[in-house]
Amino acid sequence: MTNSSLILSLLLSMCAFIACKTQEPVSVSTYPIPPITQVSSPPSATGAMNPNANLSQRPKNIILLIGDGMGMTQITLGMLANGDKSALESYPVVGIHKPRSYDDLITDSAAAATAFATGKRTYNGAIGVDADTIPVPTILELCESQGMPTGLVATSTIVHATPASFASHNPYRKNYEAIAADFMDANVDVLIGGGKKYFERRTTDASNLLDTLRSLDYYVSDFRDDIDDLPTETLQNIAYFTADTDPLKADMGRDYLLPATKYTLDYLDHKSGQEGFFAMIEGSQIDWGGHANDDQYVITEYLDYDPVIAYAYEWAKADGETLVIVTADHETGGLAIQPDSTMDSLVTAFTSTYHTATMIPVFAFGPGSELFAGIYDNTAIFDKMVDLLELHDQSKQPD
Ligand SMILES: [Zn+2]
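Bear in mind that the values here come from a model prediction, so they are computed numbers and not experimental data.

Asks: Help me understand the overall build of the chain, please; the structure alone is not making it clear to me.
Replies: The secondary structure content of the chain amounts to 13 helices and 15 strands. For the chain, buried positions account for 51% of its 399 residues. Partitioning the contacts of the chain with sequence separation of at least 6, the portion at a separation of at least 24 is 73%.

Right under this line is the structure:
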């Protein structure tokens, strides 16, 4: 071995553990495109609102897993860092959704989650309201109205855009205290996430919403207690706050998402009757790694979420009546894996500190999963879930 190749191999071995170098963006170009109109894409064979065609079975339960900012490259990066393995490889059905918002090619998490939750394209920043700021029923609310227990779990605050859009209605995503107040009416059976202060120590009013939750027969607990100490096989609702504000990063010791997932699925399974349940579980901070243009942050958050994706698959497989859908709201960072990358040394580049317009993969397993093949609008995720759970009648709204 020559001196220079010895130095090279030493350098490479120093960054052996998923070493990443971030390059400058290669090029940024601007192309003129025709104005975007609000015409939905034509329903494809698989994207159509006709679930009875070739539908072998309906699910009783739906688990919706949203990796915030988890585009194809984030998945690829996480998979390579995980020895070229991802839990997503178990999922037999793969589709693609088009993630834009009502008036912007680039969606934010609020408009995207509102699209999944309500089937409506809305403006960036909107939480469970349409483009005219009118509240729209969410899939979670439709399930609740059918007597199905529901759950929301996140590694952000529970009032952050993605979970908020399933259980609250607000014209602006950062009205965290108003969003927290909406949770008092939502009757979500299990809530696990950060943001305790928006309930407990409010600046917009003097109320303590933790007391309100208790008066609504919630079992209220927080990070000082273990998830394992939460009551099981109970009919009481559960609110478990994982942090006062934002939960920690995974690499700073946050480790609750998998235990919270296990708890939530067993809790909901016990509580649900013939009606089944709905759960949304978010890997919130993959997005934050993208915003920070920090590939290690993206990787560690993806690797925190991958076991949840694996667990939901195994749980649904054992259950036999559960549909699992895994997707993202949008890509974040314009991330690319660059030439000169090896399995030991990944070279990445980001083109943005915000979200991008790239289409987003959807992975599905379980009864009804076949509906998720093909290419469709992000709103179709709501339509398909409503079709599969036969919630049409309540969700029909005059246009
Ligand atoms: Zn974001």
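Asks: Would you mind showing me how to read the packing of helix H2 (residues 72-81) against helix H11 (residues 295-319) here?
Replies: When two helices pack together, their arrangement is given by the angle between the helix axes and the distance between those axes. With their axes 9 Å apart at the nearest point, H2 and H11 run at an angle of 80 degrees to one another. The orientation of H2 relative to H11 falls into the category roughly perpendicular. Contact with H2, carried on its side by Gln-74, Leu-77, Gly-78 and Ala-81, involves Asp-295, Val-298, Ile-299, Tyr-302, Leu-303 and Asp-306 of H11 and no other residues of that element. Of the residues that constitute the contact of H2 with H11, the class distribution is six nonpolar, two polar and two charged.

Asks: What's the story with the confidence of the model for the chain in this structure? I'm lost.
Replies: Within the chain, residue pLDDT values average 90, and 85% of them lie at 70 or more. Segment residues 8-17: pLDDT under 50, and four contacts once partners within four positions in sequence are set aside and those in other chains are kept. Overall, residues 38-49 carries pLDDT values under 50, and its contacts beyond four positions in sequence, including any with other chains, amount to 21 contacts.

Asks: Just to check I follow, could you spell out the sheet that holds strand S6 (residues 218-222) for this structure?
Replies: Consider a sheet: its strands pair through backbone hydrogen bonds, and that pairing is either parallel or antiparallel. Reading across the sheet, the ten strands line up as S6-S7-S5-S4-S8-S2-S9-S14-S3-S15 and stay open at both edges, with mixed pairing between neighbours. Either end of the sheet is taken by a strand with one partner, and the two such strands are S6 and strand S15 (374-377). Here the average twist between neighbouring strands, direction ignored, is 15 degrees. Relative to strand S9 (residues 322-327), strand S2 (residues 61-67) runs parallel, the two sharing six bridges. Across the sheet, residue Ile-66 finds its bridge partner in S9, namely Thr-327. Strand contacts of helix H9 (residues 257-271): strand S4 (150-157), strand S5 (190-194), strand S7 (237-241) and strand S8 (278-283), with the helix running at about 170 degrees to S4, the strand carrying the most contacts.

Asks: Help me understand the nonpolar core, please; the structure alone is not making it clear to me.
Replies: Side chains that are nonpolar tend, in soluble globular proteins, to be buried together. Counting 110 residues, the largest nonpolar core has Leu-65, Ile-139, Val-324 and Ile-325 as the members making the most contacts within it. Per element, the largest residue contribution to this core is eleven residues, and it comes from H11. What Leu-65 contacts, discounting residues up to four positions off in sequence, is Ile-281, Val-308, Ile-309, Ala-312, Val-324, Ile-325 and Val-326.

Asks: Hey, could you run me through H9 in this one?
Replies: An α-helical turn contains 3.6 residues, so a residue and the one three or four places further along point in the same direction. Given a rise of 1.5 Å per residue, 15 residues ought to cover 21 Å, and the 21 Å separating the end C-alpha atoms of H9 matches this to within 8%. By the burial criterion, the buried members of H9 are Leu-257, Ala-260, Thr-261, Tyr-263, Thr-264, Leu-265, Tyr-267, Leu-268 and Lys-271. Tucked into the core, H9 has its buried residues touching S4, S5, S7, S8 and H11.

About the criteria used
- Residues numbered from 1 in each chain as written.
- Predicted model: local features only at pLDDT ≥ 70, side-chain atom pairs only at ≥ 80, totals over all residues.
- Helix = DSSP H or I, 4+ residues; strand = E, 2+ residues; numbered from the N terminus.
- Buried ≥ 20, exposed ≤ 12 C-beta atoms within 10 Å, placed from the backbone.
- Contact = placed C-beta atoms within 7 Å.
- Axes fitted to C-alpha atoms, helices over the stretch in contact; angles between N-to-C directions.
- Parallel < 35°, antiparallel > 145°, perpendicular 65-115°, else oblique.
- Nonpolar A, V, L, I, M, F, W, Y, C, P; charged D, E, K, R; others polar.
- pLDDT = per-residue confidence, 0-100.
- Pairing = 2+ DSSP bridges.
- Core = buried A, V, L, I, M, F, W, Y, C linked by C-beta atoms within 7 Å.
- Expected span 1.5 Å × (residues − 1).

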